[in-house]
Amino acid sequence: MSLENSVKSQSPWQIGFKRLKKNRLAMIGFTLLCIVVIISVFAPLITRYDRDAIDTLNSYQKPSAEHWLGTDELGRDTFTRLLYGGRISLSVGLVSTSIAVLIGVTLGTTGGYHGGYIDNIIMRIVDVFMCFPFFLIAIVVAAILGPSIWNVMIISGILGWTGIARIVRAEVLSIKEREFIEAARALGLNSKDIIIKHIIPNIMAPIIVYATLGIARGILSEAGLSFLGLGVKPPTPSWGNMLAAAQSMRSLRLHWWLWIPPGCLVFFMILSINFLGDGLRDALDPKLKQ
Amino acid sequence: MSEYLIRAKGIKKHFPIHDGIFSRTVGHVKAVDGVSIDIKKGEIFGLVGESGCGKSTTGRTLINLIEPTAGSVTFEGKVIYDVENKIAVSTKDMQALRRDIQMIFQDPYASLDPRMTVGEIVSEGIVKHKMAKKKEAIKKSMELLELCGLRGSNVNKYPHEFSGGQRQRIGIARALALNPKFIVADEPIAALDVSIQSQVLLLMQELKKKLGLTYLFISHDLGIVKYFCDRIGVMYLGNIVEQGTSEQLFSNPLHPYTKSLLSAVPKTHPREVRERIILKGDVPSPSSHFEGCKFYSRCAYAKEICNREIPELKEIEKDHLVSCHLVGSGGEL
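The numbers attached to residues start from 1 for each chain and follow its sequence in the written order. Lettering for chains starts from A, numbering for ligands starts from 1, and both go in the order in which the items are written. Confidence filtering applies because this is a predicted model: local features only for residues at pLDDT of at least 70, side-chain atom pairs given and counted only at 80 or more, and all residues used for totals across whole chains, interfaces and linings.

1. Remarks on the overall build of chain B
Under the convention used in this document: What counts as a helix is a DSSP run of H or I of at least four residues, what counts as a strand is a run of E of at least two, and both are numbered from the N terminus. Any residue with 12 or fewer other C-beta atoms within 10 Å of its own C-beta is exposed, any with 20 or more is buried, and the rest are partly exposed; the C-beta atoms used are placed from the backbone. By the convention adopted here, residues make contact when the C-beta atoms placed from their backbones lie within 7 Å.
In terms of regular secondary structure, chain B is built from nine helices and 13 strands. Residue burial in chain B is summarised as follows: out of 333 residues, 44% are buried. Once local pairs closer than 6 in sequence are excluded, the contacts in chain B between residues at least 24 apart make up 61%.

2. Side note on the packing of helix α4 (residues 78–114) of chain A against helix α11 (residues 204–227) of chain A
Residues and elements named next belong to chain A. Here is the rule we go by: Between N-to-C directions, angles cover 0 to 180 degrees, with each direction set by a line fitted to C-alpha atoms, over the stretch in contact for helices. Roughly parallel means an angle under 35 degrees; roughly antiparallel, over 145; roughly perpendicular, 65 to 115; everything else is oblique. Each helix crossing is assigned a hand: it is left-handed if the near helix lies turned anticlockwise from the far helix by less than a right angle, otherwise right-handed if that turn is clockwise. Just so you know the grouping, Ala, Val, Leu, Ile, Met, Phe, Trp, Tyr, Cys and Pro go in nonpolar, Asp, Glu, Lys and Arg go in charged, and all remaining residues, Gly too, go in polar.
Relative to each other, α4 and α11 sit at 130°, their axes nearing to 7 Å. In this view, α4 runs oblique relative to α11, as classed from their interaxial angle. When you trace α4 past α11, the crossing you get is right-handed. Contacts between α4 and α11 involve S89, V92, G93, L94, S96, T97, A100, V101 and V105 from the former and I207, A211, G214, I215, G218, I219, E222 and A223 from the latter. When grouped by side-chain class, the residues that make up the contact of α4 with α11 number ten nonpolar, six polar and one charged.

3. A word on the environment of B:V155
Within the secondary structure, B:V155 is located in the loop between α4 (134–147) and α5 (164–176). Considering only alpha carbons, one finds B:V155 and B:D19, 136 residues apart in sequence, at a separation of 47 Å.

4. With respect to the confidence of the model for chain A
The test is simple: pLDDT: the predictor's confidence for each residue, scored from 0 to 100.
Per-chain confidence: chain A averages 86 in pLDDT, with 96% of residues scoring 70 or above. Across chain A, the secondary-structure element scoring lowest on mean pLDDT is helix α1 (residues 12–21) of chain A, at 83, and the one scoring highest is helix α8 (residues 161–175) of chain A, at 93.

5. Describing the interface of chain B and chain A
Taken together, the contacts link 29 residues of chain B with 24 residues of chain A. Sorting the residues of the side of chain B that touches chain A by element identifies β7 (101–104), α3 (118–128) and α4 of chain B as the ones contributing at least two each. Tallying contributions element by element places α3(B) first for the side of chain B that touches chain A, with three residues. Residue composition of the side of chain B that touches chain A, by class: ten nonpolar, nine polar and ten charged.

6. Quick word on the environment of A:V168
All names here are of chain A. Considering the arrangement of structural elements, one finds V168 in helix α8. For V168, a count of 27 C-beta atoms within 10 Å gives the class buried. Between the C-alpha atom of V168 and that of F17, which follows or precedes it by 151 residues, the distance is 21 Å. Sequence-distant contacts of V168, defined by excluding residues within four places in its chain, comprise G104, V105, G108, T109, G112, I203 and I207.

7. Some words on unusual backbone geometry
The omega angle of the peptide bond from A:P234 to A:P235 is 15°, so this bond is cis rather than trans. Mapped onto the fold, A:P235 is located in the loop between α11 and α12 (239–245). Positive phi, normally seen in glycine, also occurs at B:N64, with a value near 65°. Here B:N64 lies in the loop between α1 (55–62) and β4 (70–75). Unlike most non-glycine residues, B:E187 shows phi in positive territory, near 45°. Mapping B:E187 onto the fold places it in the loop between β8 (182–186) and α6 (194–211).

Here it is as structure tokens:
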């Protein structure tokens, strides 16, 4: 008998994603997300304007065939800046969430698996971090180090890992009591093997769900910080600082094309990521069959 | 000396009870309270007792899966741990020893990782102990599955696609993957229905003959233990109260607890006449303190000495040990 003719079957992951496909809201969210990601990544192919090309003769142009979403006070094409801004906003969301997940999962599994005083120390650190008011710290760091996209990523990553650490720890506490963990120990596996091979794959579902929702939170906090002038520095565009640039009364009244598109994009991005996150939670929850 | 594969002396496992805001230790649950077992090579040693008497904890403490509170265990003459003399094998040596000592678990639904394929589950130990490369290990696991009565082509399936009995066979295949000498079977058939129980038992018996295994068989089913095991230990509240060969124990039970246990076995013949001994009261809490015999509060024959002195496990006849003041000391029951 060879390995090739053995029976193929579906893994729990495949079953989960099959279930996700049946969730219409989640699929709408997923499609929207994909579209925005693709057009942001391929921005140079989609628009013929340069991101920062100034054309003062054509400032505050209304949307037209030339400029699909008009131009801003320096005559820069809003549509182009929106696409490039998407790159910034999405990458802030991704990077900050990756940092948060990395720290959170490492500390959460360590604390949950080993328990005792290690767990105690880690959970007290979580408590301390949860006391930090996000915007206050963000403002202080931005004031000391200067506003930049990297600072936004790091701040929201470092302040955002506590939630996931708690979730992961709670999951590990329940998983580690299962008999298959004991079976792994009886086979002679050490704690590192057990955490990587048995515990992490079994708590992947909540991690994925949390990470998805974390990306939405990252985008929001970038928008918030940039709006306050503490995030991404102009002329680099982001959805947040495009909103900030249009906050004068005159622009709000006369130049709707400067603030409605970035606002809508933030809104729809967060909404579709949240739909996708909810869908993932339902699809990957092993307790919900069918 | 070499006759015995594994020898345990006075092993204890006490779980602390925490209470109050500072989680002070207010007492101990004495799950295993001084158990000594010697298991010969090639024998099946049965451990019986009611729920919560410490059978499973004994099995796990014996093979160092949970840290012992006291006692010592030697495996093939090698000391695994000796708490009193502060000897314990290093983590690394213990991991190597795990090749020889394996376990079959009670719940076939909880003991297989749902995210792994059957092939990965069975071959995990082989890969870990570098006995073969991953691909060969999967091939080996196909052979093991066939040995346990499953099709080898199942290696790419996931545990959720199997029934309880099939899952238990996967669990057995995993235990066999490392060519162990000793297997602790922790109620391997309790979660299976009756028709599957006998299949799994026959499989275990067959594998024992084929591979020269030694089992510690933990169960609460006396009818099965009687025919399956060579020697049997009866546990009550963390202690072995009676131990003997299967025949001795069933034809001549001496301890009052064993007697009442045996009287509870369903009759095999409708006209069989047997007295049913019903114990009074409940099992005392395993965290309470005992001056004398733990069975005192429920024993119909209890004398004054039973509340004062802890009875020792005495050898009444060859291989037949009982811990009761009233047995063998003239005071007939």
